[in-house]
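What follows is the residue order along each chain.
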Amino acid sequence: MHTRQAARRHDATAPQLTLELQTTTRGEDMANSSGQLKRLKPLYQLAVNNFLAVVTVPLAVAVVLKVVEVGPEEVLARARALQPLHMFLAAFVPAAATAVYLMLRPRAVYMVDYACFRTSPNCRVPFATFLEHSRVWPGFDERSVRFMTRLLERSGLGEETCLPYAQHYIPPSRDLESSRAEVELVIFSAIDDLLAKTSISPDDIDIVVVNCSLFAPTPSFTDMIINRYKLRKDVRNVHLSGMGCSAGLIAVGLARNLLQVAPKGAHALVVSTETITPNYYMGQERAMLLPNCLFRMGGAAVLLSTNGANARFRLARVVRTLTGAKDGAYHCVYQEEDDRGNVGINLSKDLMSIAGDALKANITAMGPLVLPASEQLLFALSFIARKVLSGRIKPYIPDFRTAFEHFCIHAGGRAVIDELQRSLTLSDEQVEASRMTLHRFGNTSSSSLWYELAYVEAKGRMRRGDRVWMIGFGSGFKCNSAAWECIRPAGNAGGPWATCIHRYPVHIPDVLKH
């Protein structure tokens, strides 16, 4: 009896064991095949990326062998048989084509150097101070304070982020004088550092481009700079406003275009900042409280030139993507009044999906310009296969790590960095600069990219020839990116990280989901 029952149990479990064994074997086969493909990919990349050399070398060898076979006398005889017109065209056409290309190609633009505003310890706003001020201010109810508490706990910000002096009062001061004081402190400090680093005289500046989205006083920021540094009367100047956190790269692109029509060797000063003082939201709308928790003071000054003699980076590409024709994208970051007349920035709940769509559009435009041939070929084959098979296979995501060594992703918030890390399959180290910038300085808007570049250099990771990809997002909705190539790494670990780089990276706890 017991033997018969045991036999039945054996018969019942046998198919299960067989299925599990088959599943395990299939999984091992897939893992082995995947491992083999990964080992073959470097060989594939070497062959495709050096296709010209692979084709040219055998052809050159064949030509040499043919010459040896025919003999030098026969080669000379055939050359003398050519008509003078043919000889002239053979020499003139390539020379003329080369001359036309050199005349029409855009001038190379270089970054001479950059400097970031160094925050002062007396501007520091720990979580406890921020929340205490929020509780004391009668405009915020307890529900709003609890909401901001949860936001700060999950934000990825640290305890050393800074707010301007006017925000340390209860209630915060938002008047015009305090706003101008913040502007002068941030941008003049950054410009002073930049001029000291580059030894450039203010008289040598030909172009000034400034971007600040939410504060556009009269006279403008560029007028303030011209007056402070007594710039020349013929300096070209532009103040960009309302362009969001990606405006820094828009300013770089505009300065690049202006340098194309300026005299050879001209200098362009680009200043990126956001003024916090007049834009602190004093109401209770949740969608408008998020900027209070994330945005902090900061700014950067960058010197561009068409003279690469003392440059540190070369500007390779600037790609802009705008999705503002869609109503959802246009309204996802929107300045408006709440029911009580308090002005603030309303961040839509669809912001991340809209940012993802804008990123895809930017990648589509950027990829062909920077990706090696091997990645472009794989993407093209994947695209064709999806069309043929009606989308039954997953699309191939290009590996941008083959095009760039460093990534500076706008530190707009923890969710933004997480989404880009997932979309671009980046490692923790490759997004470390963005996370640590968010932790130490908060969201400094368009200038955050320069704090991230400074982090990479302060860590000593930048090498000559390294390529950097800057990605910024902004209202409208925009996704803009710029590619740089390092010519000369920084000689020291100065800049905004000078006093704290030894403490970074720090561990940022995972977000708790309730």
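Residues numbered from 1 in each chain as written. Predicted model: local features only at pLDDT ≥ 70, side-chain atom pairs only at ≥ 80, totals over all residues. Heavy atoms only, no water.

1. Focus on the overall build of the protein
Scanning the protein from terminus to terminus reveals 16 helices and 11 strands. Out of the 514 residues belonging to the protein, those deemed buried represent 44%. Partitioning the intrachain contacts of the protein with sequence separation of at least 6 by distance along the chain shows that 80% fall at a separation of at least 24. (Helix = DSSP H or I, 4+ residues; strand = E, 2+ residues; numbered from the N terminus. Buried < 20%, exposed > 50% of the residue type's maximum accessible area, 1.4 Å probe, protein only. Contact = heavy atoms within 4.5 Å.)

2. Overview of the confidence of the model for the protein
Of all residues in the protein, 85% have pLDDT values of 70 or greater, and the mean over the chain is 86. Residue range residues 1-31 is modelled with pLDDT below 50. Its contacts to residues more than four positions away, or to other chains, number zero contacts. (pLDDT = per-residue confidence, 0-100.)

3. Some details on the sheet that holds strand β6 (residues 313-322)
Within a beta sheet, neighbouring strands are joined by backbone hydrogen bonds and run either parallel or antiparallel to one another. Sheet architecture is open: nine strands sit in the order β3-β2-β4-β5-β1-β6-β11-β10-β9, paired in mixed fashion. Single-partner strands in this sheet number two, and they are β3 (236-240) and β9 (406-409). Sheet twist, expressed as the average angle between the axes of neighbouring strands with direction ignored, equals 25°. One ladder, built from six bridges, connects strand β1 (residues 109-116) with strand β5 (residues 299-305); its direction is antiparallel. Paired with Y114 across the bridge in β5 is V302. The sheet contacts of helix α8 (residues 221-229) involve β2 (205-211), β3 and β4 (267-273), and relative to β3 the element is tilted by about 140°. (Pairing = 2+ DSSP bridges. Axes fitted to C-alpha atoms, helices over the stretch in contact; angles between N-to-C directions.)

4. Looking at the packing of helix α6 (residues 142-155) against helix α10 (residues 286-294)
Relative orientation of the contacting elements α6 and α10 amounts to 50°, with a least axis distance of 10 Å. The orientation of α6 with respect to α10, classified from their angle, is oblique. The way α6 lies across α10 gives a crossing that is right-handed. Mapping the contact onto sequence places R143, S144, F147, M148, R150, L151, L152 and S155 in α6 and R286, L289, L290, C293 and L294 in α10. Each residue belonging to the contact of α6 with α10 can be placed in one class, and the counts come to eight nonpolar, two polar and three charged. (Parallel < 35°, antiparallel > 145°, perpendicular 65-115°, else oblique. Left-handed = near helix turned anticlockwise from the far one by under 90°. Nonpolar A, V, L, I, M, F, W, Y, C, P; charged D, E, K, R; others polar.)

5. Section: the pairing of β6
Pairing analysis gives three bridges linking β1 to β6, with the strands arranged antiparallel. The residue of β6 that forms the bridge with Y110 is R314. Two strands pair when backbone bridges link them, and β6 and strand β11 (residues 478-486) are joined in this way by nine bridges, in the antiparallel orientation. Note on β11: the bridge partner recorded for L315 is W484.

6. Re the pairing of β3
In terms of strand pairing, β2 meets β3 through five bridges, oriented parallel. Pairing of I207 across the sheet is with R236, part of β3. Handedness of the crossover is the feature at issue here: the chain leaves β2, passes through α8, returns alongside β3, and the resulting connection is right-handed. (Right-handed = clockwise from strand over helix to strand, strands pointing away.)

7. Section: the pattern of salt bridges
Scanning all chains against the criterion turns up 14 salt bridges. Here E432 makes a salt bridge to R461, at a shortest N to O gap of 2.9 Å. Taken as a pair, E432 in helix α15 (residues 432-441) and R461 in the loop between α16 (448-458) and β10 (467-474) lie far apart in primary sequence, 29 residues in all. Classification of R461 as partly exposed rests on a relative accessible area of 26%. Where salt bridges share partners, they join D113, K197, R312 and E457 into one cluster. (Salt bridge = Lys/Arg side-chain N within 4 Å of Asp/Glu carboxyl O.)

8. Topic: unusual backbone geometry
Looking along the chain, the bond that leaves T218 and enters P219 is cis, with omega of 0°. In this structure, P219 sits in the loop between β2 and α8. Following Y504, the chain continues into P505 via a peptide bond in cis, with omega recorded as 5°. Mapped onto the elements, P505 comes out in the segment after β11. If you check the backbone angles, S199 has positive phi at about 60° while not being a glycine. By the secondary structure assignment, S199 is in the loop between α7 (176-198) and β2. S199 gets classed as exposed once you look at its relative accessible area, which sits at 66%. At K230, a position not held by glycine, the phi torsion is positive, near 55°. Structurally, the position occupied by K230 is in the loop between α8 and β3.

9. Digging into the nonpolar core
In summary, soluble globular proteins display a tendency toward joint burial of nonpolar side chains. One finds M111, L304, W450, L453, W484 and W497 to be the most contacted residues of the largest nonpolar core, which totals 52 residues. At eight residues, the largest contribution of residues to this core is made by α16. Core analysis: the next-biggest nonpolar cluster, separate from the first, contains 50 residues, F147, I363, I409 and C479 among them. (Core = buried A, V, L, I, M, F, W, Y, C linked by side-chain atoms within 4.5 Å.)

10. Quick word on the packing of aromatic side chains
Overall, the coordinates contain 15 aromatic pairs when judged by the stated rule. Geometrically, the ring pair formed by W497 and Y504 is edge-to-face, given 5.4 Å between the ring centres and 80° between the ring planes. Neither W497 nor Y504 differs from the other in exposure class; each is buried. Among the aromatic residues, those joined into a cluster by ring pairs are F441, Y451, Y455, W497 and Y504. Positioned above the aromatic ring of Y229, the side-chain terminus of R228 is 5.8 Å from the ring centre. (Phe/Tyr/Trp six-rings, centres within 6.5 Å; stacked < 30°, edge-to-face > 60°. Lys NZ or Arg CZ within 6 Å of the ring centre and 35° of its normal.)

11. A short note on α7
In an α-helix, one turn spans 3.6 residues, which is why side chains three or four residues apart end up on the same side. Its 23 residues place the ends of α7 33 Å apart at the C-alpha level, agreeing with the 33 Å of an ideal helix rising 1.5 Å per residue. Within α7, burial applies to S178, S179, E182, V183, V186, I187, F188, A190, I191, L194, L195 and T198. Where the residues of α7 are buried, they touch β1, β2, α8, β4 and β5. Among the residues of α7, the N-terminal cap falls to D175, whose side-chain oxygen and the backbone nitrogen of E177 are separated by 3.1 Å. Just downstream of α7 lies S199, where phi reads positive at about 60°. (Expected span 1.5 Å × (residues − 1). Polar contact = N/O pair within 3.5 Å; in protein donor to acceptor, adjacent residues only side chain to side chain.)

12. As for helix α14 (residues 414-423)
Along α14, the residues that are buried comprise R414, V416, I417, L420 and Q421. One side of α14 holds all its buried residues, which, seen down the axis, span an arc of 165°. A positive backbone phi angle near 50° is found at T425, which sits one or two residues after α14. (Arc of directions from axis to C-beta.)

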